Every structure is written in C-alpha cells, then in structure tokens.
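Commentary on secondary and tertiary structure
Below, each chain spelled out in residue letters.
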Amino acid sequence: MRAEATSLNEQITASVSLLRRHLDWDAAVRRLEELNARAEDPTLWNDAAEAGRVMRERGRLADQVEGVRRLEREVEDALGLIELAEAEGDEATIEAAVADLERLAEEAKRREIESLLSGEADSNDAYVEVNAGAGGTEAQDWAEMLLRMYVRWAEKRGYKVTVTERSDGEQAGVKSATVQVSGPNAYGWLKTEGGVHRLVRISPFDAAARRQTSFASVYVYPVIDDRIEIDINPADLKTDTFRASGAGGQHVNKTESGVRFTHMPTGIVVASTQDRSQHRNRAIAMEMLKARLYELELRKREAISDAVEAGKTDIGWGHQIRSYVLQPYQMVKDLRTSVEKGNPDAVLDGELDDFMAAALAQRVGGTRSEASAAAR
C-alpha cells in the first residue's frame, strides 16, 4: 500500500485510540444505551427540563460514539478500495481514496481535540469580553481587532454571535465589548483565550509612523442554563442605568436603556446595551452576572491560581498570553504553549484552532497524539 495511505491510517488510528480512551469507551457505550432507553420512555416528557437535559446529553454522546464508529468504518472502506485499485492499476480511484483518508484524518484530529472538552461547562455557549488597555485610541483599535478575530472564528464554525455590550472609543475601536457566542462546545473552545493579548505594529494613528505596542484583555465565561441556580443577594448589587451610544457619541438613546450591575463582594461588573428596553437589558445583565459568578466557582473548583480579575487590573507587560507582531517581522506566538504562526493576517481573521488545541491539551496535562501534536 502507498506510503501516504499508510501514514494517514497511522494518524487516524492514533487519534481514534485516544478518542476511545478519553471517552472511556465501554462506559460511554453503556451510557448511550441508557439514554436511548430513557428517550423512548413517554413519562420523560412530563418534566420538560429533565427531558431537555437527557436529550442534550444523548445528542452529545451519540455524536461522539457514532463518530468514532463511522471513522473506523470509512477508513476500513478507503483502505480496502486502495488495495483493489492498486491491483487493477486504477490511479484515479487510488487518488480519490487517499483524499478520503486525508479528510478522515482531519476529522479524527478535530474529534480528538474536542474530546478534551470534558469540563463541567465546556458544552455551553460563551460570553467573550474584550477590554482595551492603557493607550487610548491605539489600544482601543487593538481591542476591536481582537473582537473581530473572535467573531470571525465563531462565524467560520457556524456559531451565532450576538453583541451584548459595546462601548466605542472616541476616535476608533472599542473601550470594551461583550459578545455571546452560541454553538456546540463554544465555552470549551474559547475558555483558554482569556488573558492579555499584545500587539506590536506601525501605528496607523501616528503621523511619524512609529512602532507601537498595545495591550487588550480577553475574558471568557460560560452562559449558564436553567439547570444551574445562582443566588444573588440584591443588597450586594449596585445598579446603574445609562444612555447607550455609538462611536463618537452618535445615535445616543433618548432613554437610559443601558444597565450596569456591580457585584460588591467580588467586584464583578457587567453591562448590557443589547436591547432598547431597559427591562430587557436588566434581564440580560443579570444572566451575565450569574454566568460570571458561576465561572468564578468553576475556577475555584479547578484550582486555577489566576485571580478572576487579574486580566483587568493589570493589562500590560508581563501578563500577556499571546503576542501579535506585525512589525518589524510577522509572527503570532502563544507564550504559554510556544505555538507560533508566521501569518498574522490569517490569525486575526479567525484562524485560532491550533492555538486553542495546544492550550486545551496543556490544560489537561499535555496528552496528545501525533495528530494533535501537529498543532505545535
């Protein structure tokens, strides 16, 4: 058999082996059978919330188990087809089968990485909050570039993006902005992006065309659902209302529809300007606050030493997780995993999967096959 087909088969086999181990295969198959049986029980639908939970777990597990089975089946079919085509000297069929193996290797790699998303809230939607560091217009422009980067990443995955809050800069960019990213495993993928991001470039706002360094922070937390109850004491809340406006003070609302909550015990601040209704913005801001408090509890459980607000209190040197250098050379480097990319334009256009994959693997102990190690 051709060397390229053999190599692809080895990559896929390694990924599938890790997939089975991460899933605890026998236990996953038994659990899926239990969930299938529950889904067929008419009494399940007497409790809509429980039925929703069961169907979500069933769908997630079915995708994982059936995905592995299909991968194994299609690889076997492709290899068998190559053997037959080689015997008959059918070059076109061999090339088509090798292309199928390349596609399956990419899918196996993606599924292997996704198997690392086993945290309590990894399957949830996510809020992504971007804040400009010190530096005025320069930093605010960088914050908007980061915001666009995550929106483009989400769009490429078919995720839905909703702007929850946006505070525009006086001349360009954003002072702060929050978007909700909705899609399978959105929080699991995005959670390692939290931290300070550093940009080095020739400033478009400097007539002397000098090189500038800018900082912006990214904060990611999961959207919580009805299964998770978070109690908030009204006495712990400071509530502010304000008029939402666009860039440069344009399109100012005539009513104070924007709502900002400050949770006094933790110092957490959330705001919503998504809706024209103050009542609706109040509800959205409360959902965001509950999500932030839940994420804080997750961090405690995971024993993450970073303070929740560390990324906000010092957005600058010594705290960055990734550097984006546009001048004097072209390079994006993650300072935690040492993953490097020589095409910043592609990264800023949403090509983030390799950075996320490496950070996820590092977070769970660095176990990965050759397939996911290629991300390094």
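Below is a summary of the structure that appears in this document. (Residues numbered from 1 in each chain as written. Predicted model: local features only at pLDDT ≥ 70, side-chain atom pairs only at ≥ 80, totals over all residues. Heavy atoms only, no water.)

**A look at the overall build of the protein**
- Counting its secondary structure elements, the protein contains 11 helices and 11 strands.
- Looking at the protein as a whole, 47% of its 376 residues are labelled buried.
- Partitioning the contacts of the protein with sequence separation of at least 6, the portion at a separation of at least 24 is 65%.
- Of the accessible surface of the protein, which amounts to about 18600 Å², a share of 46% is contributed by carbon and sulfur atoms. (Helix = DSSP H or I, 4+ residues; strand = E, 2+ residues; numbered from the N terminus. Buried < 20%, exposed > 50% of the residue type's maximum accessible area, 1.4 Å probe, protein only. Contact = heavy atoms within 4.5 Å. Areas by Shrake-Rupley, 256 points an atom, 1.4 Å probe, with all protein chains shown as cover.)

**Some remarks on the sheet that holds strand E11 (residues 340-341)**
- Spatially, the eight strands line up as an open sheet ordered E2-E3-E1-E5-E4-E9-E10-E11, and their pairing is mixed. Looking at strand neighbours, the two that pair on one side only are strand E2 (160-168) and E11, the edges of this open sheet.
- Sheet analysis places strand E4 (residues 195-202) next to strand E9 (residues 320-325), joined by five bridges and oriented parallel. Residue pairing across strands places Val196 opposite Gln320, the latter belonging to E9.
- Contacting strand E1 (126-132), E2, strand E3 (174-182), E4, strand E5 (211-222) and E9, helix H5 (residues 137-156) runs over the sheet at an angle of about 45 degrees to E5. (Pairing = 2+ DSSP bridges. Axes fitted to C-alpha atoms, helices over the stretch in contact; angles between N-to-C directions.)

**Looking at unusual backbone geometry**
- The residue after Gln327, namely Pro328, is reached through a cis peptide bond having omega 5 degrees.
- Tracing the sequence through the fold places Pro328 in the loop between E9 and strand E10 (331-334).
- Although it is not a glycine, Asn185 adopts a positive phi angle of roughly 60 degrees.
- Note on placement: Asn185 falls in the loop between E3 and helix H6 (186-190).

**Let's talk about the layout of surface pockets**
- Considered as a void within the structure, the largest pocket measures approximately 980 Å³ in volume.
- Considering the residues around the largest pocket, the lining is formed by 32 residues, among which Arg56, Arg60, Leu117, Ser123 and Asn185 are closest to the centre.
- Elements represented by at least two residues in the lining of the largest pocket include exactly helix H1 (3-23), helix H2 (25-39), helix H3 (48-88) and helix H4 (91-114).
- Top contributing element to the lining of the largest pocket by residue count: H3, with eight residues.
- Per-class residue counts for the lining of the largest pocket are nine nonpolar, eight polar and 15 charged. (1 Å grid on protein atoms, 1.4 Å probe; cavity = no way out; pocket = protein on both sides within 12 Å on 5 of 7 lines; lining within 4 Å. Points joined across faces, edges and corners; volume = space filled by probe spheres on them. Nonpolar A, V, L, I, M, F, W, Y, C, P; charged D, E, K, R; others polar.)

**Here's the deal with the side chain of Thr262**
- Topologically, Thr262 is positioned in strand E7 (residues 258-263).
- A relative accessible area of 15% means that Thr262 is categorised as buried.

**What to know about the environment of Ala358**
- For Ala358, the position within the fold is in helix H10 (residues 353-363).
- Residue classification places Ala358 among the buried residues on the basis of a relative accessible area of 1%.
- C-alpha separation for the pair Ala358 and Val339, spaced 19 residues apart in sequence, amounts to 7.4 Å.

**So, the packing of H2 against H3**
- In the contact formed by H2 and H3, the axes pass within 9 Å of each other and the chain directions differ by 135 degrees. Between H2 and H3, the crossing angle belongs to the class labelled oblique. Viewed along their axes, H2 and H3 form a crossing whose handedness is left-handed. Where H2 abuts H3, its residues Trp25, Ala28, Val29, Arg31, Leu32, Leu35, Asn36, Arg38 and Ala39 lie against Glu50, Arg53, Val54, Met55, Glu57, Arg58, Leu61, Ala62, Val65, Glu66, Val68 and Arg69.
- Of the residues in the contact of H2 with H3, the class split is 12 nonpolar, one polar and eight charged. (Parallel < 35°, antiparallel > 145°, perpendicular 65-115°, else oblique. Left-handed = near helix turned anticlockwise from the far one by under 90°.)

**Some remarks on the environment of Asp125**
- Tracing the chain through its elements places Asp125 in the loop between H4 and E1.
- Owing to a relative accessible area of 23%, Asp125 belongs among the partly exposed residues under this scheme.
- As a C-alpha pair, Asp125 and Ile224 span 99 residues in sequence and 7.9 Å in three-dimensional space.
- When neighbours within four sequence positions are excluded, Asp125 is seen to be in contact with Gln180, Val181, Ser182, Gly183, Ala186, Tyr187, Pro222 and Val223.

Keep in mind these numbers describe shape, not what the thing actually does.
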